[in-house]
Amino acid sequence: MPDPTPDLASFAIALADELPGNWTSEHQTHTQYPDQFARAEHVWDMNLVAHAIAEHVLDQDAVLTRDDGTRLYVIARPRHGEEFFVGAMAPAGIRPEAFRTVREPDGIAVPDDPARAAEDITTDLLPRYDKALAQVHDNAARMSAASAPELVVITMTGRDFHVTKPERPEAAQILTDNGCIYDQDQDVFVLPGDDTAGQAQAIQRAAAQLDRLGIGVSVRLPPAKPALETAPVPAPAPTAAPAARTR
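Nothing here was measured: the structure is a model prediction, and the numbers come from that model.

Q: Looking at this model, I keep getting lost on the side chain of D61. Mind explaining?
A: With respect to the helices and strands, D61 occurs in strand 2 (residues 60-66). For D61, the side chain forms a polar contact with the side chain of H30, separated by 2.9 Å. Those residues in contact with D61 that sit more than four places away from it in its chain are L8, E26, H27, Q28, H30, Q36, R39, Y73, V74 and I75.

Q: Would you mind showing me how to read the sheet that holds strand 1 (residues 23-29) here?
A: What holds strands together in a sheet is hydrogen bonding between their backbones, with the strands either parallel or antiparallel. The five strands are arranged 1-2-3-4-5 in an open sheet whose pairing can be described as antiparallel. Here the strands that pair on one side only, and so sit at the sheet edges, are strand 1 and strand 5 (108-111). For this sheet the average axis-to-axis angle between neighbouring strands, irrespective of direction, equals 25°. Seen against the sheet, helix 1 (residues 8-18) touches strand 1, strand 2, strand 3 (71-76), strand 4 (83-88) and strand 5 and runs at an angle of roughly 15° to strand 2. Its contacts with the sheet place helix 3 (residues 48-55) against strand 3 and strand 4, and it is angled at close to 110° to strand 4.

Q: Honestly, the pattern of salt bridges in this entry has me stumped. Any pointers?
A: Any two side chains of opposite charge can pair, given that their charged atoms come close. Per the counting criterion, the structure on display carries eight salt bridges. Residue R95 is joined to E97 by a salt bridge in which the shortest nitrogen-to-oxygen separation is 3.7 Å. Because the salt bridges share partners, they merge into one network encompassing E26, R39 and D61.

Q: What is the right way to read unusual backbone geometry from this model?
A: Trans peptide bonds make up the majority, and among non-glycine residues the majority have a negative phi. Non-glycine residue R79 carries a positive phi angle of around 65°. Its location among the elements puts R79 in the loop between strand 3 and strand 4. Phi is positive for D187, close to 55°, though the residue is something other than glycine.

Q: Looking at this structure, how should I read the sheet that holds strand 10 (residues 216-220)?
A: One open sheet accounts for five strands, arranged 8-9-7-6-10; its pairing is mixed. Each edge of the open sheet carries a strand with a single partner, namely strand 8 (181-183) and strand 10. Here the average twist between neighbouring strands, direction ignored, is 30°.

What counts and what doesn't
- Residues numbered from 1 in each chain as written.
- Predicted model: local features only at pLDDT ≥ 70, side-chain atom pairs only at ≥ 80, totals over all residues.
- Heavy atoms only, no water.
- Helix = DSSP H or I, 4+ residues; strand = E, 2+ residues; numbered from the N terminus.
- Polar contact = N/O pair within 3.5 Å; in protein donor to acceptor, adjacent residues only side chain to side chain.
- Contact = heavy atoms within 4.5 Å.
- Pairing = 2+ DSSP bridges.
- Axes fitted to C-alpha atoms, helices over the stretch in contact; angles between N-to-C directions.
- Salt bridge = Lys/Arg side-chain N within 4 Å of Asp/Glu carboxyl O.

Here it is as structure tokens:
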């Protein structure tokens, strides 16, 4: 006779209570085989849990969610009536390319004992998940930095405009061609303020030429200066009334 199916819903609730931190449990049943893939497609696993999802009909599953967004996927282990599979779920909102070089934090088999299962998850699965997640975030940050366009910032300073020094020599040449002078001490280009109309035209020309190189331009006003503190002017001291004249 096949092993009896353990009570997944009760186990998931008890497991959420045993795990460190604040976890909630969401149990779901599936009336048709394709229904199991709606949540299972997010399981971050290429081993036991992935094979169970692909090769077996799962009539139910549970997702445990920690208050920081970490999610665990829980199913009864096929053909093992006293065990469950627990796998991590991939975080949402991260571009798929960031996962390519990261080893999956494959899931584990745990006993039908919430306390022992929580201990196995805490000492084995979650540390590997945290390590993989840190690598994914690092990859995503590197990709964002690589894809972010270079930006030149132009700030009004007095009557002059100060322009941040671009990294590419051809961009620096554009600034020079449009009247900017490199100030080595401040490491910026300065557009003198002798001619206001000429300044505006020079900035427009430079911005258009930089845009063709894929370099953005941000024009910023100087920070507002705090109002000067003024002391109240003291009122004049009262003068004594003239003495009445007597004859």
